[in-house]
There are 2 protein chains.
Amino acid sequence: MLVKKIEQTPATAMGVQGAKGVTMRLMVGRSDGAPNFAMRQFEVEPGGHTPHHQHNYEHEVLILDGRGEVTGGVTGQEVRAIGAGDVVFMPANELHQFRNTGDGPLRFMCMVPTRFDCGADGSQPTPGS
Amino acid sequence: MLVKKIEQTPATAMGVQGAKGVTMRLMVGRSDGAPNFAMRQFEVEPGGHTPHHQHNYEHEVLILDGRGEVTGGVTGQEVRAIGAGDVVFMPANELHQFRNTGDGPLRFMCMVPTRFDCGADGSQPTPGS
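What you see is a predicted model, and the numbers here were worked out from it, not measured in a lab.

Caption draft 1: Highlighting the overall build of chain A. When helices and strands are tallied, chain A shows zero helices and 12 strands. Each helix and strand of chain A, ordered N terminal to C terminal, gives the series β-β-β-β-β-β-β-β-β-β-β-β. For chain A, the C-alpha radius of gyration of 14 Å lies close to 14 Å, the compact-globule estimate for 129 residues. Seen along its three principal axes, the alpha-carbon backbone of chain A occupies a region of about 45 × 40 × 25 Å. Evaluated residue by residue, chain A yields a buried proportion of 42% over its 129 residues. A sequence separation of at least 24 residues applies to 62% of the contacts in chain A between residues at least 6 apart.

Below, the structure written as structure tokens:
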């Protein structure tokens, strides 16, 4: 087994276009031998946001601290307030974004599958997994 | 997208043999359309524990509150202290148990794949997913 502390795990800037003030800690991923899904911790600074984007794999998210909004839904226009103890399931292909609307950091865990576009030959490693 | 609050999600007793004082909230699972993995929140009362067992699928765990110990490792004898902010990756087939050694509830998120024993015909829905 592997036991790690979030605060002792290195954070890297989320360099994806459209991200602002976002860092990621890869807590459990492919390099740890995770066969099916990866656990990442994100921290978004006040005023920051993740990219407003979509992709053909899902997110499962737990908000740890802070206040924010998530945009998603089948229209890509649904906006919901989020805070500590909220869980978000973002299905594949929904246009989505997480924004920090508070005065402190917005911290959340975001799980993704380790592979997507799965088929006989088309399996791809999920970015950030 | 789906947005849920942990505290508003019904808890059910973990009826598995060897569990003591454990309740589970299924936050995101197969019934929500989760295609690859499920997110569950567990609460273990002081003195309680999950079953001392093994299975051929992995856990990815985030400790939210409380103090405890996790047993695992390739020998099944490794014991590590756990508290808020700790992440545990428990690979498939390791004998493992989570115990509450504190005075308050031990709360953690535990993610599992939604299917295991995957093969042409052998895929099974993971219990509690």
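Caption draft 2: Just the interface of chain B and chain A, in detail. Tallying the contact residues gives 37 residues for chain B and 37 residues for chain A. Among the elements that make up the side of chain B that touches chain A, the one with the highest residue count is strand β8 (residues 86-90) of chain B (five residues). Pairing between strand β1 (residues 2-5) of chain A and β8(B): four bridges, direction antiparallel. Within β8(B), the position partnered with A:Val3 by the bridge is B:Val88.

Caption draft 3: Geometry of the relation of the copies chain B and chain A. The transformation that overlays chain B on chain A combines an axial shift of 0.0 Å with a rotation of 180°, and the residual RMSD is 0.0 Å. With respect to symmetry, the two chain copies, as superposed, fit the operation of a two-fold axis. The fraction of interface residues of chain B whose copies in chain A are also interface residues reaches 100%, indicating that both copies meet through the same surface.

Basis of the calculations
Residues numbered from 1 in each chain as written. Chains lettered and ligands numbered in written order. Predicted model: local features only at pLDDT ≥ 70, side-chain atom pairs only at ≥ 80, totals over all residues. Helix = DSSP H or I, 4+ residues; strand = E, 2+ residues; numbered from the N terminus. Rg over C-alpha atoms; globule rule 2.2 N^0.38 Å. Buried ≥ 20, exposed ≤ 12 C-beta atoms within 10 Å, placed from the backbone. Contact = placed C-beta atoms within 7 Å. Pairing = 2+ DSSP bridges. Least-squares fit on C-alpha atoms with pLDDT ≥ 70 in both.

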